[in-house]
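One-letter residues, chain by chain:
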Amino acid sequence: MDPDGAENTVEIRAGAASASWTEKDAQVDCEEEIRLTKVEKSKLTFALTQDSGCVAGTIELTLGDGVLRYLWRDVPGLGLVEQSGDLRRS
């Protein structure tokens, strides 16, 4: 539900309990640390807090078939907005 698209970046550091996260599009330029909240075999879940100045949400990174899939949802919140896509190593 982001009609103008967004460029999202997640920088993960081995062994860290947080990651660097950015979102940039025509209307938003947001950069924050996201906190790791759950680790599963092929999925990491992060929290973007309300205090950040960005829209709070949950970010999931899921590895499957050699692709790292990105999903951001406005949860906690109304659960009405999400962004998804595949992340590439840069």
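For the structure itself, look to the data block above.
Predicted, not measured: the structure shown is a model, and the values here were computed from it. (Residues numbered from 1 in each chain as written. Predicted model: local features only at pLDDT ≥ 70, side-chain atom pairs only at ≥ 80, totals over all residues. Heavy atoms only, no water.)

**Q** Give a detailed account of the pairing of strand β1 (residues 7-12), specifying residues and quantitative values.
**A** By the bridge criterion, six bridges tie β1 to strand β2 (residues 18-24) in an arrangement that is antiparallel. Looking at β2, one finds that Asn8 is bridged to Glu23. Between the antiparallel neighbours β1 and β2 lie five residues, among them Gly15 with a positive phi of about 80°. (Pairing = 2+ DSSP bridges. Helix = DSSP H or I, 4+ residues; strand = E, 2+ residues; numbered from the N terminus.)

**Q** Tell me about the pattern of salt bridges, residues and numbers included.
**A** Scanning all chains against the criterion turns up six salt bridges. A salt bridge links Arg13 to Glu33; its shortest N-O distance comes to 3.3 Å. With Arg13 in the loop between β1 and β2 and Glu33 in strand β3 (residues 29-39), the pair connects residues that are 20 residues apart, well separated along the chain. We classify Arg13 as partly exposed; its relative accessible area is 32%. What makes Glu33 partly exposed here is its relative accessible area of 43%. In this structure, Lys43 and Glu40 form a salt bridge, with 4.0 Å as the shortest nitrogen-oxygen distance. Residue Lys43 is classed as partly exposed on the basis of its relative accessible area, which comes to 24%. Note on Glu40: relative accessible area 36%, which makes it partly exposed. Residues joined by salt bridges that share partners form a network here, namely Lys38, Glu40, Lys43, Glu60 and Arg73. (Salt bridge = Lys/Arg side-chain N within 4 Å of Asp/Glu carboxyl O. Buried < 20%, exposed > 50% of the residue type's maximum accessible area, 1.4 Å probe, protein only.)

**Q** Could you give an account of the environment of Leu87, naming the residues involved and the relevant values?
**A** Structurally, the position occupied by Leu87 is in strand β7 (residues 82-87). Each C-alpha atom of the pair Leu87 and Ser20 lies 14 Å from the other, and the pair is 67 residues apart in sequence. Setting aside residues up to four positions removed in sequence, Leu87 forms contacts with Asn8, Val10, Leu61, Leu68 and Tyr70. (Contact = heavy atoms within 4.5 Å.)

**Q** So what's going on with unusual backbone geometry? Residues and values would help.
**A** Look at the link from Val75 to Pro76: it is a cis peptide, with omega at 10°. Position of Pro76 relative to the elements: it lies in the loop between β6 (67-73) and β7. Backbone geometry places Asp65, a non-glycine residue, at a positive phi of 55°. Positionally, Asp65 belongs in the loop between β5 (57-64) and β6.

**Q** Tell me about a nonpolar patch on the surface, residues and numbers included.
**A** A cluster of nonpolar side chains, Leu78, Leu80 and Val81, forms an exposed patch at the surface whose accessible area comes to about 310 Å². Looking at Leu78, the relative accessible area reads 70%, which means it is exposed. (Patch = residues over 30% accessible without salt bridge, like charges linked within 9 Å, V, L, I, M, F, W, Y side chains within 5 Å. Areas by Shrake-Rupley, 256 points an atom, 1.4 Å probe, with all protein chains shown as cover.)

**Q** Residue-level account of the sheet that holds β7, with values.
**A** The antiparallel open sheet is built from seven strands, whose spatial order is β1-β2-β3-β4-β5-β6-β7. The sheet is open, and its two borders are formed by β1 and β7, each paired with just one other strand. Between one strand axis and the next, the sheet turns by 25° as a mean value, whatever way the strands run. Looking at chain direction, strand β4 (residues 43-48) and β5 are connected through six bridges and run antiparallel. Counted as the bridge partner of Phe46 is Ile59 from β5. (Axes fitted to C-alpha atoms, helices over the stretch in contact; angles between N-to-C directions.)

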